[in-house]
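Structural description and commentary
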Amino acid sequence: MFGIDPVILSSMLILAGNTITCPAHDPTEINVIPHTAKVMYDYTNSLGQLQSYKTDTVDPYEFQGQTITQGFMKGQIELRHKIMFGQVKEERSGYGCLWYDTIDIRLNIDPKIFIAKELSKDKCMRESIIEHELKHVRVDREIVNKYAKSMGQSVYNALKSRGFSVGPIRVDRMEEVKSKMQRVVKQVLELEYKKLGIERRERQRAVDSLDEYERVDNECPGFEKKKKKLYKDVFGN
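Scope of this entry: the structure provided in the associated data block. (Residues numbered from 1 in each chain as written. Predicted model: local features only at pLDDT ≥ 70, side-chain atom pairs only at ≥ 80, totals over all residues. Heavy atoms only, no water.)

**Quick look at unusual backbone geometry**
A cis amide bond links Gly-167 to the next residue, Pro-168, at an omega of 0°. Relative to the helices and strands, Pro-168 is located in strand E9 (residues 165-170). (Helix = DSSP H or I, 4+ residues; strand = E, 2+ residues; numbered from the N terminus.)

Structure follows, in structure tokens:
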């Protein structure tokens, strides 16, 4: 849960001698829930098949070099949100009040690590590749935790500047106003999600450095001869 300062608002309108008062209500509750599913593993694709997958990695090798994908982490960060409103209507006057009751925001990660089946059969190679790919999973978790906080704060700031409640307003305008209130939250979250995507790509590419690739390649000298033969069989060089 992302804590926010208590906000209890009420407003009053005098109409034809009658006083319509929007009731005080509990503070708007903003919950941001980051969730990472269990890491899944796939060893069913051959080394040749893995080369057909597209990734966001920027090749760290020189132009004449050949990059071979031994494994990769696949997963998306999914953003969902749900808004619950509180409202009261006074049929006699035709006016009502509307407020944000709860706002639930979820950030979900579903990581899956693919490793070429020929390499996964070797314990050293499998563990070395997994160690590298788990660094990508860790980056995603750090990103999600960071933006869970910033999303909650950004939503709170946006609503604080506009008001957490509306009213009194005519009953026939309540659905229109509710749509506007929903749109504000959606726009704030979409902007934060774009920022998340940019930072995620930068940080994930930083994991795939030349030093890191060479570390993985040099981790298992006992497999080097088998790997060279495998690469020659698959790629012809």
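**Considering the side chain of Asp-42**
Here Asp-42 lies in strand E4 (residues 40-42). Of the polar contacts made by the side chain of Asp-42, one reaches the side chain of Asn-45; its length is 3.3 Å. Apart from residues no more than four positions distant in its own chain, Asp-42 is found in contact with Lys-112, Ile-113, Phe-114 and Ile-115. (Polar contact = N/O pair within 3.5 Å; in protein donor to acceptor, adjacent residues only side chain to side chain. Contact = heavy atoms within 4.5 Å.)

**A closer look at the sheet that holds strand E5 (residues 71-74)**
The strands making up a sheet are joined through hydrogen bonds of the backbone, oriented either antiparallel or parallel. Taken in spatial order, the three strands make up an open sheet running E4-E8-E5, and their pairing is mixed. Both outer strands of the open sheet, E4 and E5, are each paired with one neighbouring strand and no more. Each adjacent strand pair in this sheet contributes to an overall mean axis angle of 20°, direction not counted. The pairing of E4 with strand E8 (residues 112-115) spans three bridges and is classified as parallel. Note on E8: the bridge partner recorded for Met-40 is Lys-112. Relative to the sheet, helix H3 (residues 123-162) contacts E4, E5 and E8, its axis offset from that of E5 by approximately 25°. (Pairing = 2+ DSSP bridges. Axes fitted to C-alpha atoms, helices over the stretch in contact; angles between N-to-C directions.)

**Quick word on the side chain of His-136**
By the secondary structure assignment, His-136 is in helix H3. Other than its neighbours up to four places away in sequence, His-136 contacts Met-73, Gln-204, Val-207 and Asp-208.

**Regarding the state of the cysteines**
Scanning the model with the defined rule gives two disulfides in all. Paired by a disulfide, Cys-22 and Cys-97 hold their sulfur atoms 2.0 Å apart. On the sign convention where negative is left-handed, the bridge of Cys-22 and Cys-97, at about -90° about the S-S bond, is left-handed. Of the two residues, Cys-22 is situated in the loop between strand E2 (18-21) and strand E3 (29-36) and Cys-97 in strand E7 (residues 95-109); the sequence distance between them amounts to 75 residues. Covalently, Cys-124 is tied to Cys-220 through a disulfide, its sulfur atoms 2.0 Å apart. In this structure the cystine formed by Cys-124 and Cys-220 twists about its S-S bond by roughly -95°; its chirality is therefore left-handed. Taken together, the residues span a long stretch of sequence, with Cys-124 in helix H3 and Cys-220 in the loop between helix H5 (210-218) and helix H6 (224-235) at a distance of 96 residues. The exposure class of Cys-124 is partly exposed, given its relative accessible area of 33%. (Disulfide = S-S within 2.5 Å. Buried < 20%, exposed > 50% of the residue type's maximum accessible area, 1.4 Å probe, protein only.)

**Structural notes on H5**
Three or more residues of H5 are buried, namely Glu-212, Tyr-213 and Val-216. An end-on view of H5 places all buried positions within 100° of arc, on one side of the element. When the buried face of H5 is taken as reference, the exposed residues oriented beyond 90 degrees from it are Asp-211 and Asn-218. Those residues of H5 that are buried are in contact with H3 and helix H4 (174-207). (Arc of directions from axis to C-beta.)

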